[in-house]
Amino acid sequence: VQLVESGGGLVQAGGSLRLSCAASGRTFSSYAMAWVRQAPGKGLEWVSGISGAGGTSYADSVQGRFTISRDNAANTLYLQMTSLKPEDAALYYCNTDPSLITWGQGTQVTVSS
């Protein structure tokens, strides 16, 4: 079972990125999934979650700017990030919610001001 995050990069403040999380080894369509992030020197911060039925939730800090979605046929989780701020810069990870899978390598998001 493996999770591979991608889509990060360097973007100017106000810009957008779309993160992807490809799951392999088993089907995750019935699992709640989440994105979390870790900024330098800080702990893990839950960002957004999506239930197996498609219900979504967001941290207050990203509400209205980020959109989580999933493609169950492709076993892939997404995070569309818009209006990015310097404080969104972090290493972003996906996992089941609660986390049941070995963490992937994450994808780095850097936001320049």
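Everything below is about the structure printed above this text.
The residue numbering used here restarts from 1 in each chain and proceeds along that chain's sequence as written. The predicted nature of this model means local features are confined to residues of pLDDT at least 70 and side-chain atom pairs, given and counted, to a pLDDT of 80 or more, with totals for whole chains, interfaces and linings taken over all residues. The basis for every side-chain value is the complete set of heavy atoms in the structure, and neither hydrogens nor water enter the calculation.

## Description of the packing of aromatic side chains
- Side-chain rings of Phe, Tyr and Trp (the six-membered ring for Trp) are treated as a pair once their centres are within 6.5 Å; stacked means planes under 30 degrees apart, edge-to-face means over 60, and tilted covers the remaining angles. For the structure shown, the criterion picks out two aromatic pairs.
- Summarising the aromatic geometry, the rings of Y93 and W103 are spaced 5.8 Å apart at their centres and angled 75 degrees between planes, so their arrangement reads as edge-to-face. In this pair, Y93 sits in strand β9 (residues 90-96) while W103 sits in the loop between β9 and β10 (107-112), placing the two residues 10 residues apart along the sequence.
- Relative accessible area decides the class of each residue, using a 1.4 Å probe on protein chains only: under 20% of the type maximum gives buried, over 50% gives exposed, and in between gives partly exposed. Looking at Y93, the relative accessible area reads 12%, which means it is buried.
- Given a relative accessible area of 36%, W103 falls into the partly exposed group.
- Throughout this description, the term charge over a ring refers to an Arg CZ or Lys NZ atom that lies within 6 Å of the ring centre and within 35 degrees of the ring normal. Geometry around Y78 places R18 over its ring, the cationic atom sitting 3.9 Å from the centre. What counts as a helix is a DSSP run of H or I of at least four residues, what counts as a strand is a run of E of at least two, and both are numbered from the N terminus.

## Thoughts on unusual backbone geometry
- The omega angle of the peptide bond from D97 to P98 is 5 degrees, so this bond is cis rather than trans.
- Of note in this structure, N75 is not a glycine but carries a positive phi near 55 degrees.
- By secondary structure assignment, the location of N75 is in the loop between β7 (66-71) and β8 (76-81).
- At S83, a position not held by glycine, the phi torsion is positive, near 50 degrees.

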